[in-house]
Every structure is written in C-alpha cells, then in structure tokens.
Number of protein chains: 2
Amino acid sequence: MAPALTQGRALELAAEQLRQRPWQALALEPAIPIDALPSPALLLDAAAFERNLLRMADFLGARGKGFRPHAKTHKCPLIAHRQLALGAAGVCTAKVSEALVMINAGIDRVLVTSPVVTPDKVALLHALAADASQLDVVVDSDLGLELLRSGASPDAPVGVLVDVDVAMGRTGTRDVDRILRLAEGAADTPGLRFRGVQHYAGQVMHVEGYERRRDKSLALWERVAELVEQLSRHGFAPEVVTGGGTGTFDIDCDVDCITDLQVGSYIFMDEEYLRIGGSGSRRFDAFEVSLQVALTAISQPRDGAITVDGGYKAFASDSVEPVPLDLPSVRFRFAGDEHGVLILEPGAQEPLLGSRQRFVVPHCDPTVNLYDYYWVCEDGLATSVWPIAARGCSW
Amino acid sequence: MAPALTQGRALELAAEQLRQRPWQALALEPAIPIDALPSPALLLDAAAFERNLLRMADFLGARGKGFRPHAKTHKCPLIAHRQLALGAAGVCTAKVSEALVMINAGIDRVLVTSPVVTPDKVALLHALAADASQLDVVVDSDLGLELLRSGASPDAPVGVLVDVDVAMGRTGTRDVDRILRLAEGAADTPGLRFRGVQHYAGQVMHVEGYERRRDKSLALWERVAELVEQLSRHGFAPEVVTGGGTGTFDIDCDVDCITDLQVGSYIFMDEEYLRIGGSGSRRFDAFEVSLQVALTAISQPRDGAITVDGGYKAFASDSVEPVPLDLPSVRFRFAGDEHGVLILEPGAQEPLLGSRQRFVVPHCDPTVNLYDYYWVCEDGLATSVWPIAARGCSW
C-alpha cells in the first residue's frame, strides 16, 4: 500500500500547485501603451486573433468538418473557452497536467493526445472525468489500456481513442491486431468508452508547397481510412476520427472519414508556418500574425549591430530565428538566454537604445511556454492580461 | 505625467506577480521515490550539488579570489542563500526581475549584469536598493547612466559597474572615453557609487581544450587589465573587477586584477560543459552532474526506438541533445514539444514502458527555466521541493 500512496502524493502536490494558478482575465483600465510594457513582453493582437478564430471555424464549418483545437498551442483556458463558444468539439491537451488546468477552468470536453502509462496519471484522469462532460485519452499499448481499465468507473466514464500512427514514429501504432484489441478492450470495460481513432502526422505539417503537402497527407490518411474500415467491420465504428493540424487543415478537410481537425497554431501563426505559406499554400494567407514578442534595444556593441533584451528565454530556439516586424533589412541572431543581436544591413534604420521592437515568433507553442501571460492588445494598447495557466505543464 | 504613471503601472503589475511567488522549501515527509514523481521531473542530487558548491568555494578561496555566482543558472533564492553562506561576494542576476525575486527573498547583495535603459526598470532598481545592502548594475551607454542618475537617492545608493567588452559583441563597451565618462558620471552622482568593471566573454566558455581556452581568456583579460589601469590612473580605481564563468574560473583565477568570478553552471553541470571537460581541461572533472531530468517511456513506435514524455518543454534546445544517464548505447532525439525518441543500438537494453529514465541536460540555465521547482533528492528519494522562484524572469 505505501508505495502507491506515496506515488499519488507526489502527483497530488504537483496537481495542487496547478489548481491554484489564476486563469481569469485581468482588465487594464486605463489601457497601457505597448511601448510601456516591461520587455520581453508577449503580445496578442486581439483583432487579428479574433479574425483567425473565425476564419478557421467558418472554413471547416462550411465543409462539414468539426474542429478540436489543440490547447498545447495557447495553454490558456480563456482561449479554449472562446474556441468552444465558436463550436469546437472540445479541446486537445498534450498531457494530463494541461487537461487538469483546462478542466479546473471549466473546459468540459478535453482529449489528451499523448498515451498515459503510469498509475498516478491514470488515477488523476479518472478523477478529472468526474468534472468533465467528456474526457478522452489516446491509448497505443496494452499496458496503457490495462491501467485505464483499473479504476475506471461508470459514474465518470473516460473515452478512449486508439492512437494510430502509419509513418511518423513518435506515438501510436499501426498494428491491426493491437488496434482491434485496444478498441475491444475499451468497449468491453464499464467506465471506459471506445470513442474512435487519432492520427497525427507532425512530419507533414511543415512540408513546403501545398501540392507536396497534400500528396503526403492524403497518402497517410488513405492508410488510416483502411484501419478505420477494419474497425467498423469488427463492430467498432469510430464515432471520432481526429487529427491533422494547421499545416494540413485545408487538405484533410477533404478526407471523408475525418470528423474533426486538431488545429492549433492558426490562432497565432509563427515564422515556421509563414515560411511554408509563402511556397505554394492555397489558403494559408488566411491567417494573420497575432502573436508577437516586444523587446527593447539595450546596447550597441558595434556599428551595424544592436543588442535586444531577449534570447532563449524570450523565444523557443528549436526552429528558425525570430523575425523583426518593423525593421526591414534586419536579422535577429540569438546571443544567449537573455539577449539577441540585431544585424543591420548597411543603410538600415538603426533602432534607438530604449526603443521597443516587435518580432514574429519562430515556433509559437514552445515560445508561449516561456511566458506567464499574454498582454492582449487593441490598437497599440494593452487592454487586458490573460494568464497562460497551463504554462510549463509538461507532465 | 500620464504616460509615466502608466508605464510604471505595467511594470508594477508584473513585479507584484513575482513578489507573490513562493520561494521557500517544502519538506517531503515521508520522502518520495524518484520513480514515483510525475515526469518530466527536474531532479537535484543534493549530495553532488553540495560537493560542487564546496569545491568552487574552496578552489577560489585558496587562490584569494572571490565568487559572485550567477543566479541566472538556478533562479532559486534557496540556492543563492547557500552560496552567500559559503562566502559569495553577492549573486549576479541577468535582469531586474530576477533581482527583484532574489531581494524579495532576502538576498541582499545583487549585481544586475545586463544594462538597463528604460525608466520603469531603473525606477524599480532604485526602489529595490532600499531593501538590499548592496545593489549593483552595469552600464555601457550614456543613456543608461543618464537614467540611473535620475531618481538616484543617497538614502539607497545604487552601485555602478562599467560593462567592458573587448571582443564578444553583445553588451559592454571598449571605448576608453566612454568608460571613463561613465565611471566619472557614477562617481559624481549622489545616490550612485562607482564600483568597478564587469567583463564577460561568453564566447570563450565552451572553447574545447584547456590550453586553447586559457590562451583566449587571458588575452582578453590583458586588454581589460589595461582599461582597469587607465581607470585607476584617472582616479577611478575599481573596487570590483568581476567576470568569467564556469568555463574559465580555473584560468581567470590567475588574473591579478580580477576580484571575483561569476561562476554559474558549476553547481549543476550540463552536457555542454561535460563535453569540453573531456577534451583537455585540467580541473573540470571536479564538478559532478547534480541536475537531471527524469522522463517516462510511454510508447514504442518501432523496434529499436522508445518514445519518452519530454521534448522542447523538458529540455532547452539551443545546444546539444540530452544524454541518457542509465542507458548506454542510447541516443535521445527531440520529437516535438512533448516527446523525445530514444534510439537504441542493436543489442541495447530496451527500457520498459512506464519506466523512468534520467538524462543529463544539454544546457542547464534555459532548461531550469522550463520548470517551477526542483525535486531535491537524496539516495534515490525526493526529500524536498525548492521553488524556482525566478523562473521566466526575462524582463
């Protein structure tokens, strides 16, 4: 008994810390000019953000597809509530801790998109199900299913989606026998419900060129459709077939078996997606850059270079470099955790020391993870603060 | 008047949020096995950490040099208190927000190592000086000095160090006239004190091979020593000459003019430093890996690969890849924000699903920035939780 109790205790400590986080908006009255915010500051352009929200909802609605936006992008219950209000089927979270923050803030339809294979997190999932109208989790292993079965309660059923992977090689399975076994095991367990299938092909999202991306994504979904077909033939017709992302929503919407798209980055956009947009996407320019980081020019180490006060702690560094929004002919180079150096081409406008500069972020999700809140801006003024309540929720 | 008040208000909101953060230790009784912590978990091996602390203090003490450890590494007032107890001259922070967290937690000697050039942050510095026995900040521009002069108060003097850069090109200046002007301006202002010089050469820290690193570092310090000499000739003899880091402490300790070393990573070690240690450092193996991240094996996408539950949100991705501690012949590959894939060589031991695996972190400072607390461990058990109270303090 003792080890199990101890195990639960560590997770409960971590969970309690998350439950105490504020998640509601703080209005700023009077509003504060962007140039008066302490930098680095994460800015959310409310108008562009709202247009992005509506465009995706309209686009998919017109094609009869649902959307189940990924909250790993924004980590913000206020944004999740807005997405549900626009008709989302629910939101996705990558981890159980993110699901806890969302459900704690009243988001009542959540899908956890990573397999959970430890008893403490499974126990928390079962507990969270009591506070949600629909809590789903993916499974891709017999161990995962076995753990989910233990502790399942018909009073607070947990939905199970089989995580299907045909090519990516991260999580999920393509083993037909296993897929059928997991579906059957979920369907046969009081307290669990077999809900369907998830398929996410992260490797396709940033393929350059719409046609190439389309060919790759549809080829994968063809194989998924065959597996869905087999499940149906065995009496496990999926009620949900979910997947895709901002890189493929305008491709995957043509796949018959899909019920909803797990779009995430469309609300913000980032430099990674802007780059593929410029190389052949049909509909990619539909979304605007609503997320920016404001930095301050703090030093001039030499002619042609200005140091700003943000580096690896201001931007995720897993992909491309941040791009200055207001300074043509200027490149940002990382210069450690706390600094970047702007490299000015000859003749480029030189930012003054003390001036604020705005940047497009390289990769939105892990960049958001570095901040505690968004400064929500309208017409150059910050009008409210939205907590990033699920920041750092990696467990 | 209105804009200035508004500016102060934004910073005050951000500051208040930091002041409310808990920073004291939470004891875990009974202790919790590492394998029962929710993963990803940031682990601090208390015994190795304590040995690292003592070794640096002893090494520099024996050579008559002080140390002013950089709190940007640990972001944890509890660790700063321990360093002060071992004789540190004070701690460094990269930004004003970090200084606020430290001073709020009773750390009373702080040097802010980045120039501050906006009125709101300068006003906060002046306010913080009242709660510290010695608050210092670097300056490298006339604008920076001018702002520091405004609002300076003899009741709570702020110390000023000139940030000298001879080669790195990030912050600091090598302009003799400006260096003298800044020193004189600080010395002449009631409420400011000229304290000395900072020189940090980040580009030298990870040069492979002790002799090469030594040649490079000493060549730079020779130029700094000339500038120090000039300051002294003009009546501004520095009381503090501070700089260096974990990559050069055993080199820079031989530089006469240096008073104290800004060592940071020595308390934890990381893969970046371990790699240069293996290629010719004399004294580098003195430090042990005390910082680790524990992940869980959650999926097996194919033979020879196991997916673990940590990616860009579990490790900083600006340098090398994390290294498995307990699994020889296994490589970690990033697979997105939330996952990594372990690549097993043929015949390598295969981790079981659900098992915990520990990793050396690639780069300690920005990795720590991803977590809210350390699980402090002794003999395989977590015995307390230490809040990373200055996590995310990039402003």
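Residues numbered from 1 in each chain as written. Chains lettered and ligands numbered in written order. Predicted model: local features only at pLDDT ≥ 70, side-chain atom pairs only at ≥ 80, totals over all residues. Heavy atoms only, no water.

**Here's the deal with the overall build of chain A**
Helices and strands together make up the secondary structure of chain A, namely 11 helices and 18 strands. Relative to the 2.2 N^0.38 estimate, which gives 21 Å for 395 residues, the radius of gyration of chain A is 22 Å and therefore close to what a compact globule would have. A principal-axis box enclosing the C-alpha atoms of chain A has dimensions of 70 × 50 × 35 Å. Within chain A, the fraction of its 395 residues that count as buried is 65%. Residue pairs at least 24 apart in sequence account for 70% of intrachain contacts in chain A once pairs closer than 6 positions are excluded. With the model as given, the accessible surface of chain A reaches about 13,500 Å², and the carbon-plus-sulfur share is 50%. (Helix = DSSP H or I, 4+ residues; strand = E, 2+ residues; numbered from the N terminus. Rg over C-alpha atoms; globule rule 2.2 N^0.38 Å. Buried < 20%, exposed > 50% of the residue type's maximum accessible area, 1.4 Å probe, protein only. Contact = heavy atoms within 4.5 Å. Areas by Shrake-Rupley, 256 points an atom, 1.4 Å probe, with all protein chains shown as cover.)

**Considering the environment of Gln-203 of chain B**
All names here are of chain B. Relative to the helices and strands, Gln-203 resides in the loop between strand E8 (192-199) and helix H8 (210-233). Once the C-alpha coordinates of Gln-203 and Met-168 are considered, the two residues, 35 residues apart in sequence, prove to be 6.4 Å apart. Residues within four places of Gln-203 in sequence aside, it is in contact with Ala-167, Met-168 and Leu-220.

**A closer look at the sheet that holds strand E3 (residues 66-67) of chain A**
Residue and element names in this part refer to chain A. A sheet is described by the order of its strands in space; here 8 strands give the open sequence E3-E10-E9-E8-E7-E6-E5-E4, paired in parallel fashion. Two strands close off the open sheet at either side, each with one partner strand: E3 and strand E4 (91-93). As judged from the 4 bridges shared by strand E6 (residues 134-139) and strand E7 (residues 158-163), these two strands associate in the parallel manner. Bridge pairing in E7 links Val-138 to Leu-161. Lying on the sheet, helix H5 (residues 119-129) is in contact with strand E5 (109-112), E6, E7 and strand E8 (192-199); it crosses E6 at an angle near 155 degrees. (Pairing = 2+ DSSP bridges. Axes fitted to C-alpha atoms, helices over the stretch in contact; angles between N-to-C directions.)

**So, the interface of chain A and chain B**
Counting residues at the interface gives 74 residues for chain A and 73 residues for chain B. Carbon and sulfur atoms make up 54% of the area that chain A and chain B hide from each other, which totals about 5,700 Å². Along the contact surface separating chain A from chain B lie 12 salt bridges. Here Lys-95 of chain B ties to Glu-338 of chain A by a salt bridge, and the two come within 3.2 Å at their closest N and O atoms. For the pair chain A and chain B, the number of links is 26 residue pairs in polar contact (both at pLDDT 80 or more). Of all the elements in the fold, those that place two or more residues in the side of chain A that touches chain B are helix H1 (2-19), strand E1 (26-33), H5, strand E11 (291-302), helix H11 (364-368) and strand E17 (373-378) of chain A. Considering each element in turn, the side of chain A that touches chain B owes the most residues, 8 residues, to H1 of chain A. Of the residues that constitute the side of chain A that touches chain B, the class distribution is 31 nonpolar, 21 polar and 22 charged. (Buried area = accessible area lost by both parts, 1.4 Å probe. Salt bridge = Lys/Arg side-chain N within 4 Å of Asp/Glu carboxyl O. Polar contact = N/O pair within 3.5 Å; in protein donor to acceptor, adjacent residues only side chain to side chain. Nonpolar A, V, L, I, M, F, W, Y, C, P; charged D, E, K, R; others polar.)

**Details of the sheet that holds strand E7 (residues 158-163) of chain B**
Residue and element names in this part refer to chain B. Here we have 8 strands laid out as an open sheet, ordered E3-E10-E9-E8-E7-E6-E5-E4, and parallel in their pairing. In this open sheet, the two strands that pair with only one neighbour each are strand E3 (66-67) and strand E4 (91-93). Bridge count for strand E5 (residues 109-112) against strand E6 (residues 134-139) is 4 bridges, and the pairing is parallel. Within the sheet, the bridge partner assigned to Leu-111 lies in E6 and is Asp-136. The strands touched by helix H6 (residues 142-149) within the sheet are E6, E7 and E8, with E6 carrying the most contacts at an inclination of about 150 degrees.

**Concerning the confidence of the model for chain A**
Residues and elements named next belong to chain A. Mean pLDDT over chain A: 94, with 96% of residues reaching 70 or higher. The low-confidence segment residues 1-5, where pLDDT is below 50, has 0 contacts with residues more than four positions distant or belonging to other chains. Note on residues 278-283: pLDDT under 50 across the span, and 17 contacts to partners over four residues away in sequence or across chains. As a predicted assembly, this complex carries a pTM of 0.96 together with an ipTM value of 0.96. (pLDDT = per-residue confidence, 0-100.)

**Some words on the pattern of salt bridges**
Summed over the entire model, instances satisfying the criterion amount to 50 salt bridges over all chains. Where Glu-288 of chain B meets Arg-55 of chain B, a salt bridge forms, and the shortest distance between an N and an O atom there is 2.8 Å. Linking Glu-288 of chain B in the loop between helix H10 (271-277) and strand E11 (291-302) with Arg-55 of chain B in helix H2 (residues 46-62), this pair joins segments that are 233 residues apart in sequence. Salt bridges here are not isolated pairs; linked through shared partners, they connect Arg-21, Asp-372 and Arg-391 of chain A together with Arg-21, Asp-372 and Arg-391 of chain B.

**Brief notes about the relation of the copies chain A and chain B**
Superposition of chain A onto chain B requires a rotation of 180 degrees combined with a translation of 0.0 Å along the rotation axis, giving an RMSD of 0.0 Å. Overall, the copies show the geometry of a two-fold rotation axis. Closest approach to the rotation axis among the C-alpha atoms of chain A is made by Ser-317 of chain A, whose C-alpha sits 3.1 Å away. The overlap is high: 99% of the interface residues of chain A also sit at the interface in chain B, so the same surface is used on both sides. (Least-squares fit on C-alpha atoms with pLDDT ≥ 70 in both.)

**Brief notes about the packing of aromatic side chains**
Residues and elements named next belong to chain A. Inspection of the entire model under this criterion finds 26 aromatic pairs over all chains. For the ring pair Phe-315 and Phe-359, a centre distance of 5.9 Å and an interplane angle of 75 degrees mean the geometry is edge-to-face. Of this pair, Phe-315 sits in the loop between strand E12 (305-308) and strand E13 (323-324) while Phe-359 sits in strand E16 (residues 356-360), and the two are 44 residues apart along the sequence. Judged on exposure class, the residue Phe-315 and its partner Phe-359 are both buried. On the basis of an interplanar angle of 75 degrees and a centroid distance of 5.7 Å, the ring pair of Phe-332 and Phe-359 is categorised as edge-to-face. Pair noted here: Phe-332 is in strand E14 (residues 330-334) and Phe-359 is in strand E16, with a separation of 27 residues, a long-range link. These aromatic residues form a ring-pair network of at least three members: Tyr-312, Phe-315, Phe-332, Phe-334 and Phe-359. (Phe/Tyr/Trp six-rings, centres within 6.5 Å; stacked < 30°, edge-to-face > 60°.)

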